[in-house]
Amino acid sequence: MTAMWSVQKSIYTALASNSTFMTKISNNLYDEPPTNQQYPYVTIGSMTESNLNRLNKNGFYVTLEMMIFTKNGRGGFKL
């Protein structure tokens, strides 16, 4: 069993339900952006998962890469 799909859906839901965040990125939140996507946009990228079994309980440790693309370079944008 994998936890990655549940994590990705939860992250997407949390970000997409934040109207201030979505306005800042012009509603451009993707796992795979379209070709020639206009800035700014955010991608929920690659994920890794490892078992986190402790004290007779099963669990997973999930690492997620999220990237923010903007043409402002280092300045980025403030939320």
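Structure: see above.
Scope of this entry: the structure provided in the associated data block. (Residues numbered from 1 in each chain as written. Predicted model: local features only at pLDDT ≥ 70, side-chain atom pairs only at ≥ 80, totals over all residues. Heavy atoms only, no water.)

Before going further, it helps to examine the overall build of the protein chain. For the protein chain, the count of helices and strands is two helices and three strands. The helix and strand sequence of the protein chain, counted from the amino end, reads α-α-β-β-β. The buried share of the protein chain, taken over its 79 residues, is 22%. Long-range contacts, defined as pairs at least 24 residues apart, comprise 39% of the intrachain contacts of the protein chain with a sequence gap of at least 6. (Helix = DSSP H or I, 4+ residues; strand = E, 2+ residues; numbered from the N terminus. Buried < 20%, exposed > 50% of the residue type's maximum accessible area, 1.4 Å probe, protein only. Contact = heavy atoms within 4.5 Å.)

What follows concerns unusual backbone geometry. Going from Tyr39 to Pro40, the amide bond is cis rather than trans, its omega being -5°. You can see Pro40 is positioned in the loop between β1 (29-30) and β2 (41-51). Notably, Asn27 is not glycine yet its phi reads approximately 60°, a positive angle. With respect to the secondary-structure elements, Asn27 resides in the loop between α2 (19-24) and β1. Note on Asn27: relative accessible area 56%, which makes it exposed. Non-glycine residue Asn36 carries a positive phi angle of around 60°. Structurally, the position occupied by Asn36 is in the loop between β1 and β2.

Counting seven residues, the largest nonpolar core is built from Leu15, Phe21, Met22, Ile25, Leu29, Val42 and Ile44. Counting residues per element, the ones that place at least two in this core are α2 and β2. Aside from chain neighbours lying at most four places away, what touches Met22 is Leu15, Ala16, Asn27 and Leu29. (Core = buried A, V, L, I, M, F, W, Y, C linked by side-chain atoms within 4.5 Å.)

If you walk through the whole model with that rule in mind, you get three aromatic pairs. Centroid distance Tyr39 to Tyr41: 5.9 Å. Interplanar angle 15°. Geometry classified as stacked. Ring centres 4.7 Å apart and planes at 15° place the aromatic pair Tyr41 and Phe69 in the stacked group. Here the residue Tyr41 occupies a position in strand β2, and Phe69 occupies one in strand β3 (residues 60-69), the gap between them amounting to 28 residues. The buried category is assigned to Tyr41, whose relative accessible area is 11%. These aromatic residues form a ring-pair network of at least three members: Tyr30, Tyr39, Tyr41 and Phe69. (Phe/Tyr/Trp six-rings, centres within 6.5 Å; stacked < 30°, edge-to-face > 60°.)

From the geometry alone we can't say anything about function, so treat these as descriptive.
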